[in-house]
Amino acid sequence: MKLASRIVSRALFLGGLNVQDSPLYGAERRGAPVVAFTRFSQGPIHERGYIEKPDMAVLMDPSLLTHPEAAVLAGLEDTSLLLVNSTHTEHDLRERCQTLARVVTLDITSIALDLLGHQLLSAPMAGFTAKAAGLARWSQVAEAVQMELAEVGLTQDLIQRNLGATQRAYDAAPWVGLSEPRPAPATGVRRPFVIPRLPARIATPVISAEATSLLRTTDGWRVYRPIIERRLCTRCFICFALCPEGAIQLDLQNYPVIDYAHCKGCLVCLTECPPKAISQLREDAA
Ligand code: SF4
Ligand code: SF4
């Protein structure tokens, strides 16, 4: 999401606009949800921080749509645009999450798997966003992809394959466009935004009971579900040792068993399993 936001911002900047983008993520490791904000304007941008009423929200992982803590629909109105990487139709998603926003879906994961062989979604997601929201011409998007992917150190071969995936997403996306910006409230002099000072019991929470992390399920974060094929498993315990969530336990015969309520779908286990006994299944299809 962070890189997709950078690419869209770069494309807007190449189109002559002032741009600001800022990702936000905590200490969680791979597989955890990330949010990134993008502002753009023809004039200078003085605002900083959260965008509470976005004109558009872009969602790479549709499983977060109904996740209350992710709050991906917060601030969206009937004029807002909601772009979702999904195999489902706009109608299905609107029904499922009860939003008034204008929904557009495109199966970006399949495009990435087809052309890149992995779920590298950032560049095609940026292509989808730039076209559907009417933000940038293809030439700007292509230049932005090349610049941003070179900056993160990708090889020319991978950059070109990402370009192909981005173009396919750009071509497949409908041109919907953003609504006219809402007029700023006529409040005279704007007051500065003051960050509220949180009470210490919230700002520095203490662990007051054991095993409370069991109550925090992370199954809704998964795009892919790891599946262990027992007949291929050599019981080397590597997945058990490396799972960052402690979501793999051993059964009485010492075979690994995944706790799907707490597996966040990072696929570290799949990557590290020596005999390739772990496969992945897209949650949309599970
Ligand atoms: S079980 Fe695998 S995919 Fe799930 S959290 Fe652990 S390492 Fe990640
Ligand atoms: S890493 Fe693979 S082979 Fe080793 S215990 Fe896990 S599933 Fe079995």
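Remember, predicted model here, so these are calculated numbers, not experimental data.

Q: Help me understand the overall build of the protein, please; the structure alone is not making it clear to me.
A: For the protein, the count of helices and strands is 9 helices and 9 strands. Expressed as a percentage of its 286 residues, the buried residues of the protein come to 37%. Here the protein has roughly 16700 Å² of accessible surface; of this, 56% comes from carbon and sulfur atoms.

Q: Can you walk me through helix H5 (residues 138-151) in this structure?
A: Spacing of three or four residues puts side chains on the same side of an α-helix, whose turn is 3.6 residues. Given a rise of 1.5 Å per residue, 14 residues ought to cover 20 Å, and the 20 Å separating the end C-alpha atoms of H5 matches this to within 8%. Those residues of H5 not exposed but buried are Gln140, Val141, Ala142, Ala144, Val145, Glu148 and Leu149. Buried residues in H5 make contact with helix H1 (2-14), helix H4 (122-132) and helix H6 (156-172). Among the residues trailing H5, glycine 153 stands out with phi positive, at a value near 90°.

Q: Any chance you could explain the confidence of the model for the protein here in plain terms?
A: For residues with low pLDDT, the predicted coordinates do not support detailed interpretation. Overall, the prediction assigns the protein a mean pLDDT of 86, with 86% of residues at 70 or greater. Between the elements of the protein, mean pLDDT differs from a low of 58, seen in helix H7 (residues 200-203), to a high of 97, seen in strand S8 (residues 256-258).

Q: I tried to follow the pattern of salt bridges on my own but got confused; where do I start?
A: Here the idea is simple: oppositely charged side chains can pair when their charged atoms come close. Taken as a whole and judged by the stated rule, the model has 12 salt bridges. Residue arginine 10 pairs with glutamate 148 through a salt bridge whose shortest N-O separation is 2.8 Å. Linking arginine 10 in helix H1 with glutamate 148 in helix H5, this pair joins segments that are 138 residues apart in sequence. On the accessibility criterion, glutamate 148 (2% relative accessible area) is buried. Glutamate 151 is the salt-bridge partner of arginine 10, the closest N and O atoms lying 3.8 Å from each other.

Q: Which parts of the structure should I look at to understand the site of ligand 2?
A: Taken together, Cys233, Thr234, Arg235, Cys236, Phe237, Cys239, Pro256, Cys273, Pro274, Pro275 and Ile278 make up all the residues around ligand 2. Taken together, the residues of the shell around ligand 2 sort by class into 9 nonpolar, 1 polar and 1 charged.

Q: What is the right way to read the packing of H1 against H4 from this model?
A: Two packed helices can be described by the angle between their axes and the distance between those axes. In contact at an axis separation of 8 Å, H1 and H4 are set at 45° when each is read in the N-to-C sense. Between H1 and H4, the angle is such that the two are oblique. Crossing of H1 over H4 shows right-handed handedness. The residues of H4 that touch H1, namely those facing Leu3, Ala4, Ile7 and Val8, are Ser122, Ala123, Met125, Ala126 and Thr129. Of the residues belonging to the contact of H1 with H4, the class tally is 7 nonpolar, 2 polar and no charged.

Q: Would you mind showing me how to read the nonpolar core here?
A: Across soluble globular proteins, nonpolar side chains show a tendency to be buried alongside one another. If you look at the biggest cluster of nonpolar residues, it comprises 36 residues, and the most contacted ones within it are Ile7, Ile108, Phe128, Val141 and Val145. Of all the elements in the fold, those that place two or more residues in this core are H1, strand S4 (81-85), strand S5 (102-106), helix H3 (108-116), H4, H5 and H6. Here this core gets 6 residues from one element, more than from any other, and that element is H4. Discounting residues that sit within four places of it in the chain, isoleucine 108 has contacts with Asn85, Leu121, Pro124, Met125, Phe128 and Ala169. Of all hydrophobic cores here, the second largest spans 16 residues; its members include Cys233, Cys243, Tyr255 and Leu267.

Q: Can you help me understand the environment of cysteine 243 in this one?
A: Looking at the element boundaries, cysteine 243 is found in the loop between helix H8 (238-242) and strand S7 (248-250). On the accessibility criterion, cysteine 243 (17% relative accessible area) is buried. When the C-alpha atoms of cysteine 243 and valine 268 are compared, they prove to be 6.6 Å apart, with 25 residues separating the residues in sequence.

Q: Is there a simple way to explain the sheet that holds S4 in this structure?
A: In any sheet, the strands associate via hydrogen bonds between backbone groups, in a parallel or an antiparallel arrangement. Spatially, S3-S4-S5 is the arrangement adopted by the 3 strands of the open sheet, whose pairing is parallel. Whereas interior strands pair on both sides, the edge strands pair on one side only; in this sheet they are strand S3 (56-59) and S5. Mean inter-strand twist for the sheet, computed between neighbouring axes without regard to direction, equals 15°. The pairing of S3 with S4 spans 4 bridges and is classified as parallel. What sits directly across from alanine 57, in S4, is leucine 82.

Q: I tried to follow a nonpolar patch on the surface on my own but got confused; where do I start?
A: Together, Phe13, Leu14 and Met147 give the surface a local cluster of nonpolar side chains, amounting to about 250 Å² of exposed area. Within the secondary structure, methionine 147 is located in helix H5.

Q: Help me understand the packing of aromatic side chains in this model?
A: The geometry of an aromatic ring pair is captured by two quantities: the separation of the ring centres and the angle between the planes. Across all of its chains, the model carries 2 aromatic pairs by this definition. Summarising the aromatic geometry, the rings of phenylalanine 237 and phenylalanine 240 are spaced 6.5 Å apart at their centres and angled 75° between planes, so their arrangement reads as edge-to-face. A cation over a ring is seen here: arginine 225 above tyrosine 260, with NZ or CZ 5.3 Å from the ring centre. Across the ring face of tyrosine 255, the terminal group of arginine 235 is positioned such that the distance to the ring centre comes to 4.4 Å.

The rules we used
The residue numbering used here restarts from 1 in each chain and proceeds along that chain's sequence as written. Chains and ligands are labelled by the order in which they are written, letters from A for the one and numbers from 1 for the other. Selection of residues for local features in this predicted model requires a pLDDT of at least 70, selection of side-chain atom pairs for listing and counting requires 80 or more, and totals for whole chains, interfaces and linings are taken over all residues. Side-chain metrics rest on all non-hydrogen atoms present in the structure, leaving aside hydrogens and water. Under the DSSP-based scheme used, a helix requires at least four consecutive residues in state H or I and a strand at least two consecutive residues in state E, with every element numbered from the N terminus. The cut-offs for exposure are 20% and 50% of the maximum accessible area for each residue type, with area from a 1.4 Å probe on protein chains only; residues under the lower value are buried, those over the upper are exposed, and the others partly exposed. Throughout, the Shrake-Rupley method with a 1.4 Å probe supplies accessible areas, and for residues the shown protein chains are the sole cover considered. Expected helix span is taken as 1.5 Å per residue step, with the number of steps being one fewer than the number of residues. In this analysis, two residues are considered to be in contact whenever any of their non-hydrogen atoms come within 4.5 Å of each other. Think of pLDDT as the predictor's per-residue confidence, scored from 0 to 100. In what follows, salt bridge is the name for a side-chain nitrogen of Lys or Arg lying within 4 Å of a carboxyl oxygen of Asp or Glu. Note on terminology: near, applied to a residue and a molecule or strand, indicates that one of the residue's heavy atoms is within 4 Å of it. Polar here means any residue other than Ala, Val, Leu, Ile, Met, Phe, Trp, Tyr, Cys and Pro, which are nonpolar, and Asp, Glu, Lys and Arg, which are charged; Gly is therefore polar. Axis angles are defined between N-to-C directions and span 0 to 180 degrees, where every axis is a line fitted to C-alpha atoms and, for a helix, only to the segment in contact. For classification purposes, an angle smaller than 35 degrees is called roughly parallel, one larger than 145 roughly antiparallel, one from 65 to 115 roughly perpendicular, and anything else oblique. Two helices cross in a left-handed way if the nearer one is turned anticlockwise from the farther one by less than a right angle. They cross in a right-handed way if the turn is clockwise. Only buried residues count toward a nonpolar core. Its members are Ala, Val, Leu, Ile, Met, Phe, Trp, Tyr and Cys residues joined through side-chain atoms within 4.5 Å. Strands were regarded as paired on the criterion that DSSP finds at least two bridges between them. The patches reported here contain residues having more than 30% relative accessible area and no salt bridge. Joining distances are 9 Å for like charges and 5 Å for nonpolar side chains (Val, Leu, Ile, Met, Phe, Trp, Tyr). Stacked, tilted and edge-to-face are the three classes applied to pairs of Phe, Tyr and Trp rings, where Trp contributes its six-membered ring and a pair requires centres within 6.5 Å; stacked means planes under 30 degrees apart, edge-to-face means over 60, and tilted covers the rest. The rule for a charge over a ring is simple: NZ of Lys or CZ of Arg within 6 Å of the ring centre, and within 35 degrees of the ring normal.

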